[in-house]
Amino acid sequence: RILVRETGGKVFINGRADQGPIALALALCGPERFLTWAGDPEYRLHVLRLLQITSRMNVALGEAQIRAGAHGSTIGLAGTSLISPTMFDELELPGAQAFCAAMHRAGGRALVHACGNETKLIDHLVLTGADCLELDPGTDPAACKEATRGRTGVLGMLDPVHVLRDGTIEDVRRHVLETLKTMAPGGGYIMGPGCCLPPDTPIEHGIRQFIAWYR
């Protein structure tokens, strides 16, 4: 509510329902324990019940954010660094689809984040129904553009640590222009860091400079 009031409707306010169904389950159970249960048929029913609960939590928080004035909300999903595409479809995709559908019913946009190299998971992420995917630089830009063109938007792809924080200004410029060359044609791309921008990132590496280079 404060952000909406202070920005006067001039910018897109994206809420963060944050951790998706599996991420919340990992926090509740511990990563090793949950992933062991997820691969054990004896525990599968319990795993599915837990994910139904965490999915409902995602939806409730996202809906509350939109009621407060946010224009959309995001959840972060477990990608192939933790689970296989097959397990993603069975365990993570239903909750992600429920979240995206709920955000749309509430009148907002739905965004989905997935850390790491998700080249093999892009088609699965598109099936969530998200308006936009938030992706890391580890994901292949060409494959990403091909899979998402005309189907959903993409936010990110810029390396927040090795380039935006630790690189030289020339490293940043080269990285931005190379990414734009692949991702910008035809639209559907929002330029930005693939994940959280470190607070000690040099100010001269900021978004104003990106825009100046692009122009």
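Just above, that's the structure.
Every value quoted in this text rests on a predicted model; they were computed, and no experiment measured them.

Definitions and cut-offs
Per chain, the residues get numbers from 1 upward, laid out in the order the sequence is written. Local features in this predicted model are restricted to residues of pLDDT 70 or higher, and side-chain atom pairs are both shown and tallied only at a pLDDT of 80 or more, whereas totals for entire chains, interfaces and linings draw on every residue. Based on all heavy atoms of the structure, the side-chain values leave hydrogens and waters out of the count. Between any two strands, at least two bridges found by DSSP are needed for them to pair. Secondary structure elements are taken from DSSP: a helix is a run of H or I of four residues or more, a strand is a run of E of two residues or more, and numbering for both begins at the N terminus. Look down the strands so they point away from you; if going from the first strand over the helix to the second traces a clockwise path, that crossover is right-handed. The axes used here are C-alpha line fits, helices contributing only the stretch in contact, and every angle between their N-to-C directions lies in the interval 0 to 180 degrees. Any angle from 65 to 115 degrees is called roughly perpendicular, while one under 35 is roughly parallel, one over 145 is roughly antiparallel, and all others are oblique. Between two residues, a contact is recorded if the distance between any of their heavy atoms is within 4.5 Å. When residues are sorted by character, Ala, Val, Leu, Ile, Met, Phe, Trp, Tyr, Cys and Pro go into the nonpolar class, Asp, Glu, Lys and Arg into the charged class, and all the rest, Gly among them, into the polar class. Each residue's exposure class comes from its accessible area (1.4 Å probe, protein chains only) as a fraction of the maximum for that residue type: buried when under 20%, exposed when over 50%, partly exposed otherwise. In this scheme, a crossing is called left-handed if the near helix is turned counterclockwise away from the far one by less than a right angle; it is called right-handed if the turn is clockwise. In a helix, the anticipated span is given by 1.5 Å times the number of residues less one. The arc under discussion is defined with respect to the helix axis, by the directions toward the C-beta atoms. Stacked, edge-to-face and tilted are the three classes for Phe, Tyr and Trp ring pairs, Trp counted by its six-membered ring, which pair at centre distances within 6.5 Å; planes under 30 degrees apart are stacked, over 60 edge-to-face, the rest tilted. When a carboxyl oxygen of Asp or Glu is within 4 Å of a side-chain nitrogen of Lys or Arg, the pair counts as a salt bridge.

Enquirer: Mind showing me how you'd approach the pairing of strand 6 (residues 189-193) here?
Expert: Relative to strand 6, strand 5 (residues 153-158) runs parallel, the two being bridged by five bridges. The partner of Leu155 across the bridge, within strand 6, is Ile190. Between the parallel pair strand 5 and strand 6, the chain is carried across by helix 8 (residues 169-183), and the sense of this crossover is right-handed.

Enquirer: I would appreciate a short explanation of the packing of helix 3 (residues 31-38) against helix 4 (residues 44-67) in the present structure.
Expert: Axis angle and axis distance: for two packed helices, these are the angle between their axes and the distance between the axes, and together they describe the pair. Axis separation between helix 3 and helix 4 bottoms out at 8 Å; the angle between their running directions is 120°. One element, helix 3, and the other, helix 4, form an angle in the oblique class. Between helix 3, through Phe34, Trp37 and Ala38, and helix 4, the contact on the second element is made entirely by Arg44, Val47, Leu50 and Leu51. Among the residues forming the contact of helix 3 with helix 4, the class breakdown is six nonpolar, no polar and one charged.

Enquirer: Help me understand the pairing of strand 5 in this model?
Expert: For a regular strand, the rule is simple: side chains alternate between the two faces of the sheet. Across the six residues of strand 5, five count as buried, placing the element largely inside the fold. Pairing of strand 4 (residues 132-135) with strand 5, which is carried by four bridges, proceeds in the parallel orientation. Bridge pairing links Glu134 to Leu155 in strand 5. Of the crossover connections in this fold, the one passing from strand 4 over helix 7 (residues 141-148) to the parallel strand 5 is right-handed.

Enquirer: Whenever I open this one, the sheet that holds strand 3 (residues 109-114) confuses me. Can you help?
Expert: The pairing of strands in a sheet comes from backbone hydrogen bonds and takes either a parallel or an antiparallel form. Strand order in the open sheet made by the six strands is 1-2-3-4-5-6, with parallel pairing throughout. Each end of this open sheet is capped by a strand with a single partner; those strands are strand 1 (14-19) and strand 6. Going from strand to strand, the sheet's axes swing by 25° on average, the running direction of each strand aside. Pairing of strand 1 with strand 2 (residues 72-77) involves five bridges; the strand directions are parallel. Bridging across to strand 2, Gly15 finds its partner in Ser73. Contacting strand 5 and strand 6, helix 8 crosses the sheet at an angle of about 155° to strand 5.

Enquirer: Got a minute to help me understand the packing of helix 2 (residues 21-29) against helix 4 in this structure?
Expert: Between helix 2 and helix 4, the least distance of the axes is 8 Å, while the angle of their chain directions is 115°. Here helix 2 lies roughly perpendicular to helix 4, going by the angle between them. Crossing angle aside, the handedness with which helix 2 passes helix 4 is right-handed. Counting all contacts with helix 2, which are made through Pro21, Ile22, Leu24, Ala25, Leu28 and Cys29, the residues of helix 4 involved are Leu50, Leu51, Thr54, Ser55, Met57 and Asn58. Residues belonging to the contact of helix 2 with helix 4 are distributed by class as follows: nine nonpolar, three polar and no charged.

Enquirer: What is the right way to read helix 8 from this model?
Expert: Three- or four-residue spacings in an α-helix give side chains the same orientation, since the helix completes a turn every 3.6 residues. Taking 1.5 Å per residue as the helical rise, helix 8 with its 15 residues ought to reach 21 Å, and the 21 Å between its terminal C-alpha atoms agrees with that figure. Looking at helix 8, one finds that the buried residues are Val172, His175, Val176, Thr179, Leu180 and Met183. Seen end-on, helix 8 carries its buried residues on one side only, within an arc spanning 125°.

Enquirer: Help me understand the packing of aromatic side chains in this model?
Expert: A full pass over the atoms with the stated rule returns one aromatic pair. Relative to Tyr43, the ring of Trp37 has its centre 5.6 Å away and its plane inclined at 15°; by these criteria the two rings are stacked.

Enquirer: I tried to follow the pattern of salt bridges on my own but got confused; where do I start?
Expert: Think of it this way: side chains of opposite charge can pair up when their charged atoms draw near. Inspection of every chain in the model, using the stated rule, returns nine salt bridges. Across the pair Glu6 and Arg5 runs a salt bridge, and its minimum N-O distance is 3.7 Å. We note that Glu6, like Arg5, is exposed. The salt bridge involving Glu134 is made with Arg16; its shortest N-O contact spans 3.0 Å. Taken together, the positions of Glu134 in strand 4 and Arg16 in strand 1 put the pair 118 residues apart, joining distant regions of the chain. Among the charged side chains, a network of salt bridges with common partners joins Arg165, Asp166 and Asp200.

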